[in-house]
Amino acid sequence: MIQETVSREVVVGIREGLHARPADQLAREARKWQSRIEFVGSGQRADGKSILELLTLAAEAGTRLVVEATGPDAREAVEAIGGLFARNFADPAGSTEHT
Amino acid sequence: MKFSDFVAVDAIRSDVDADTKQGVIREMAESLVEAGKIAPAELESIVKAIMKREDLGSTGIGRGVAVPHTKHPSVDRLVGTVAVSRKGIDFESLDGEPVQLFFLLVSPPDRPGDHLRALENISRQLRDDGFCRRLKAAQTPTEIGDLLEEADSHGFVS
């Protein structure tokens, strides 16, 4: 099995920062992939599959994070997670409300 | 941000009666009313707003912990409380674990930074297994208050 590491910088665009709901969305997306997924920022490293860990980043709007995936589907995982940030966590179904 | 910056000590509950999501949220909101942190007239509106937020996605963040919350115009600063359920309550958490430890937060609509930092403090401290376990095993509100104070002053953060 190919263990590739792929990383990419993402920026938190949500006005209220990476709070509980986007952290939940992010962990759900990360859990779709086999690869280990971590976020690095503010001198910390957080497991991308854990909401609790993601919340420890306290990433406010404008924070730059590096998403790092290692595993057989690293490339696809980083692509999908990058997409989530790019569309600002908007629900594809249409709701953009963040609470 | 520390626990003492937002947790109303008088509203802490060590053994909630409720066995449903809505029940525990109501019990905690009522404890904040009793502690004088939220106005009695706002109780229903706050419970409704927290439940509406839960409908968007569970606030169960894993490890048997949930952070039900809402913004509400009736508070002028972040207020919160802590409750423990002995038996655990199904909260539809991502990891599927029943929730035993609840941190309920009500924040002013214009202070998203405070809310984010309260979540950071809660999640950072609860990353420590020992702290998590001791909170869940606490027998009295005073014991919970003491543990939070200990975390504030020394940090269980390794």
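Keep in mind that this is a model prediction, so the values were computed, not measured. (Residues numbered from 1 in each chain as written. Chains lettered and ligands numbered in written order. Predicted model: local features only at pLDDT ≥ 70, side-chain atom pairs only at ≥ 80, totals over all residues. Heavy atoms only, no water.)

Digging into helix H5 (residues 141-153) of chain B
Residue and element names in this part refer to chain B.
Point 1. Its 13 residues place the ends of H5 18 Å apart at the C-alpha level, agreeing with the 18 Å of an ideal helix rising 1.5 Å per residue.
Point 2. Of the residues making up H5, those classed as buried are Ile144, Gly145, Leu147, Leu148, Ala151 and Asp152. Buried residues of H5, viewed axially, fall in a sector of 160 degrees; they line one side. Residues of H5 that are exposed and point more than 90 degrees away from the buried face comprise Thr142, Glu149 and Ser153. (Helix = DSSP H or I, 4+ residues; strand = E, 2+ residues; numbered from the N terminus. Expected span 1.5 Å × (residues − 1). Buried < 20%, exposed > 50% of the residue type's maximum accessible area, 1.4 Å probe, protein only. Arc of directions from axis to C-beta.)

Some thoughts on the confidence of the model for chain A
Point 1. Confidence in the prediction of chain A, expressed as mean pLDDT, is 91, and 90% of residues score 70 or more.
Point 2. Confidence drops under a pLDDT of 50 for residues 94-99 of chain A, and excluding neighbours within four residues, the segment shows 17 contacts in the predicted structure. (pLDDT = per-residue confidence, 0-100. Contact = heavy atoms within 4.5 Å.)

A few points about the interface of chain B and chain A
Point 1. At the interface, 22 residues of chain B touch 23 residues of chain A.
Point 2. Of the roughly 2,100 Å² buried between chain B and chain A on both sides combined, carbon and sulfur atoms contribute 62%.
Point 3. The interface formed by chain B and chain A contains three salt bridges.
Point 4. Residues Arg117(B) and Glu60(A) are paired through a salt bridge, measuring 2.9 Å at the closest nitrogen-oxygen approach.
Point 5. Put simply, chain B and chain A have seven residue pairs in polar contact (both at pLDDT 80 or more) between them. (Buried area = accessible area lost by both parts, 1.4 Å probe. Salt bridge = Lys/Arg side-chain N within 4 Å of Asp/Glu carboxyl O. Polar contact = N/O pair within 3.5 Å; in protein donor to acceptor, adjacent residues only side chain to side chain.)

What to know about the pattern of salt bridges
Point 1. For the structure on display, the rule yields 21 salt bridges over all chains.
Point 2. Residue Lys21(B) is joined to Glu54(B) by a salt bridge in which the shortest nitrogen-to-oxygen separation is 2.9 Å. Of the two residues, Lys21(B) sits in helix H1 (residues 21-34) while Glu54(B) sits in helix H2 (residues 43-56), which places them 33 residues apart along the sequence. Considered together, Lys21(B) and Glu54(B) belong to a single accessibility category, that of buried residues.
Point 3. In this structure, Asp114(B) and Arg111(B) form a salt bridge, with 2.8 Å as the shortest nitrogen-oxygen distance.
Point 4. Salt bridges here are not isolated pairs; linked through shared partners, they connect Arg36(A), Glu38(A), Arg45(A) and Glu68(A).

Looking at the nonpolar core
Point 1. Judged by nonpolar contacts, the single largest core of 54 residues is most densely connected at Leu26(A), Phe39(A), Phe3(B), Phe103(B), Leu126(B), Leu135(B) and Leu148(B).
Point 2. Counting residues per element, this core draws most heavily on helix H3 (residues 74-86) of chain A, at six residues.
Point 3. Membership of the second largest hydrophobic core comes to 26 residues, among which are Ala11(B), Ile46(B), Ile50(B) and Phe91(B). (Core = buried A, V, L, I, M, F, W, Y, C linked by side-chain atoms within 4.5 Å.)

Considering the packing of helix H1 (residues 20-30) of chain A against H3(A)
For any two helices packed against each other, the geometry is given by the interaxial angle and the distance between the axes.
Residue and element names in this part refer to chain A.
Point 1. Running from N to C, H1 and H3 point in directions that differ by 160 degrees, and their axes come no closer than 10 Å. Classified by the angle their axes make, H1 and H3 are roughly antiparallel. Crossing hand, H1 versus H3: right-handed. Side by side, H1 and H3 meet where Gln25, Leu26, Glu29 and Ala30 of the first sit next to Ala80, Ile81, Leu84 and Phe85 of the second.
Point 2. Tallied by class, the residues present in the contact of H1 with H3 amount to six nonpolar, one polar and one charged. (Axes fitted to C-alpha atoms, helices over the stretch in contact; angles between N-to-C directions. Parallel < 35°, antiparallel > 145°, perpendicular 65-115°, else oblique. Left-handed = near helix turned anticlockwise from the far one by under 90°. Nonpolar A, V, L, I, M, F, W, Y, C, P; charged D, E, K, R; others polar.)

Brief notes about the sheet that holds strand S2 (residues 36-41) of chain A
Residue and element names in this part refer to chain A.
Point 1. Within the open sheet, the four strands sit side by side as S1-S4-S2-S3. Their pairing is antiparallel. In the strand order of this sheet, the two ends are held by strand S1 (4-11) and strand S3 (44-47), each with one partner. Within the sheet, the average angular offset between the axes of one strand and its neighbour, ignoring direction, is 25 degrees.
Point 2. The sheet contacts of H3 involve S1, S2 and strand S4 (64-71), and relative to S1 the element is tilted by about 5 degrees. (Pairing = 2+ DSSP bridges.)

Points about helix H4 (residues 129-137) of chain B
All names here are of chain B.
Point 1. Within H4, the full set of buried residues consists of Phe131, Cys132, Leu135 and Lys136. Buried residues of H4, viewed axially, fall in a sector of 130 degrees; they line one side.
Point 2. Taken together, the buried residues of H4 touch strand S2 (65-66), strand S4 (79-89), strand S5 (99-107), helix H3 (112-126) and H5.
Point 3. Two to three positions downstream of the cap, the backbone nitrogen of Gly130 sits 2.9 Å from a side-chain oxygen, assigning the N-cap of H4 to Asp128.

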